[in-house]
Amino acid sequence: MEILGYKFEEGLFYDSDHDWARDDGEVITVGVTDFFQKTAGEIIFIEIPRVGRVVEKGQPYSSIESGKWVGRLKAPVNGDIVAVNGELDACPYLLNDSPYDEGWIIKIKPADKGELKELYNASDRLEEFKTFLAVEDEKIKAGKKA
Amino acid sequence: MMMSTVNRLEEAFFDYGFLDKLLASVKDGDKLKTCIQCGSCSGSCPAAAGMSVTPRNLWRKIQLGMEEELLTGQSFWQCTSCDLCTLRCPRGIPLASIMTRLREHYTATRGPLEVMNKLGATLSEKKNITGDEPGNRLLWMDNLDLTQGELEELKQRQGGTVLFTGCVSSLFPQVYKIPQSLTNIMLQTNEDFALLGEDEWCCGFPLLGAGMGSDALKENALHNVEAVKRKGGHTVLMTCPTCYYIWKKLYPQLLGSSMDLEVVHYSQYMIKTLYEGKIEFNTEEVKVTYHDPCDLGRKSHVTREPRQLLQSIPGVVLKEMRFHGEQSKCCGGGGNLEMLNPELSLEIAEMRLEEATATGAQYLLTTCQQCKRTLMNAARRKRSRIKVNDLLEFIADRMKRQAGGVRA
């Protein structure tokens, strides 16, 4: 699925910080969207969080640096980090090359999986998501958001 | 007879009215009248290739009172504040200070550059260089291998030695390992220390580099000194050479004797720890080279201690670069250049990287977060295999892990 030239996957959930979350049964896999990676530019470093860390919805769990920008990645749900993508340490560019697959970042054991329903998704909140993205895209084009 | 001829020539060609006005506040600025146009400054300047007017030509324009041409050319914004020109000037002219003064004069007469204006606004609002919320200054701690309780204890701790982390180490993830390594070493060697955390403000250097003058730093200086004292500190421990230089040289000028704090860079502080045998190391042989940060080496004369630290680590073979110690070349990361002209900054870093690679070293070590960032970026672009580390990371990685207690 493509919106405003950015790729999105239909089965995923999206938050307003441009993270995606995938329901993988016991765990939720988390990464950043194509919109995020295109906006950030070439990602040169990501701080891989510790397994076992408790993450809070909307709070930073990692920091990331591109050639032109420093930013914080925020957790889409509450829970514990149970796995991290160690490949990103040596190959942070996977976030650019394969944001929805090889560039996954963490797996969270959620405190309440129901929190996923609060996020945007393609089945019942697509129009709302498109409106949100249009506003975000406008901000980028106007240079109001890095 | 000879002298009076020279004087008459000076009168005929030079107009010192502008020079006198411009440099009245610069210590020894008057010496610029003695510039012999030898070009040592331009030959030493890492950024000269990116300047429309070379440093030597800038000094002549000041002597001739060519204010308009000087300000329109804007070459002084490319200066990395590395001070090598000052060191090498045979007349002893404080050239780097004159570059800073030109920035101030430009800002005062033409208004701030847009990027510098934004930087000033960010610093004023958020008290850091990235615009992050103050609480984000502690994000680097999240990956320490400590329990939540241990982390909280560390954050709340009062102490005589207080770590001033600096904006770059606190907020740029590529260099989080620097404060993380320092914390691990301090904990493992049972050194008493405290963290300023979100009470820390930028040291203020970026304001100076932005042409806003040293008075603009006073609020930051006052706040930071008080914050350290609130923590019970008598010593401020630095990982950033620029913060060190500003705290050591500029804060006392701004605050006078009321400051009353000892300021040390970690390379000075750790000599004691290592010599007391508190750290046990792995001993495999490794070849390293050491890059002196300009603010620590040339400008603060701390060149011996980092080398002593290195030589006290078993298995380390130090291969010096052609230019080292106080003659060290710049990494390109100073003087706000990375914000103003990132491409030139990177080109300068690539030249320094080339020198390091020529030593055959496996590690390019430094004692500065900004040098590490710029040199890492150069290594990435050049696909170099040399590992760019801060000395703290290198020490922490070679430490033997102790069983029990706090994990390193």
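Parameters at a glance
- Residues numbered from 1 in each chain as written.
- Chains lettered and ligands numbered in written order.
- Predicted model: local features only at pLDDT ≥ 70, side-chain atom pairs only at ≥ 80, totals over all residues.
- Helix = DSSP H or I, 4+ residues; strand = E, 2+ residues; numbered from the N terminus.
- Rg over C-alpha atoms; globule rule 2.2 N^0.38 Å.
- Buried ≥ 20, exposed ≤ 12 C-beta atoms within 10 Å, placed from the backbone.
- Contact = placed C-beta atoms within 7 Å.
- Domains from an automatic or database assignment.
- Pairing = 2+ DSSP bridges.
- Right-handed = clockwise from strand over helix to strand, strands pointing away.
- Core = buried A, V, L, I, M, F, W, Y, C linked by C-beta atoms within 7 Å.
- Nonpolar A, V, L, I, M, F, W, Y, C, P; charged D, E, K, R; others polar.
- Axes fitted to C-alpha atoms, helices over the stretch in contact; angles between N-to-C directions.

Novice: Mind laying out the overall build of chain A, listing which residues take part and the relevant values?
Specialist: Scanning chain A from terminus to terminus reveals four helices and twelve strands. Radius of gyration (C-alpha) of chain A: 14 Å, near the 15 Å computed for a compact globule of 146 residues. By its C-alpha atoms, chain A is 40 × 35 × 25 Å across when sized along the principal axes. By the burial criterion, 37% of the 146 residues in chain A qualify as buried. Across chain A, the fraction of contacts at a sequence separation of at least 24, relative to all contacts at a separation of at least 6, is 63%.

Novice: Describe the domain arrangement of chain B, with residues and values.
Specialist: Residue and element names in this part refer to chain B. We note that the domain assignment places domain 1 (2–110), domain 2 (117–272) and domain 3 (280–398) within chain B. For domain 2 and domain 3, the distance between their C-alpha centroids amounts to 22 Å. Secondary-structure elements contributing two or more residues to the side of domain 2 that touches domain 3 are α10 (167–171), α11 (177–188), α12 (205–209), α14 (241–255) and α15 (266–275). In terms of residue count, the dominant contributor to the side of domain 2 that touches domain 3 is α11 (six residues).

Novice: Tell me about the pairing of strand β8 (residues 387–390) of chain B, and please be specific about residues and values.
Specialist: Residues and elements named next belong to chain B. Bridge count for strand β7 (residues 363–366) against β8 is four bridges, and the pairing is parallel. Considered in β8, the bridge of T366 is made with D390. Handedness of the β7-helix α19 (residues 369–381)-β8 crossover: right-handed.

Novice: Tell me about the nonpolar core, and name the residues and values.
Specialist: Among the nonpolar cores identified, the biggest contains 110 residues, and B:M238, B:W247 and B:L375 are the most heavily contacted of them. Excluding anything up to four places from it in sequence, B:L375 contacts B:H291, B:C331, B:A349, B:R352, B:L353, B:L364, B:T366 and B:V388.

Novice: Describe the interface of chain B and chain A, and please don't skip the residues or the numbers.
Specialist: Taken residue by residue, the interface counts eleven residues in chain B and twelve residues in chain A. Partitioned by chemical class, the residues of the side of chain B that touches chain A number five nonpolar, four polar and two charged.

Novice: Explain the pairing of strand β10 (residues 79–84) of chain A residue by residue, including any values.
Specialist: Residues and elements named next belong to chain A. Sheet analysis places strand β7 (residues 54–55) next to β10, joined by two bridges and oriented antiparallel. Within the sheet, the bridge partner assigned to V55 lies in β10 and is G79. Pairing between β10 and strand β11 (residues 106–110): five bridges, direction antiparallel. Bridge pairing links G79 to P110 in β11.

Novice: Tell me about the sheet that holds strand β8 (residues 60–66) of chain A, and please be specific about residues and values.
Specialist: All names here are of chain A. Strands sit in the order β6-β8-β9 across an open sheet of three strands; the sheet is antiparallel. With one partner strand each, in any of the chains shown, β6 (43–46) and β9 (69–74) form the two edges of the open sheet. Taking each pair of neighbouring strands and ignoring which way they run, the sheet shows an average axis angle of 25°. As paired strands, β6 and β8 are joined by three bridges and run antiparallel to one another. The residue of β8 that forms the bridge with I43 is S66.

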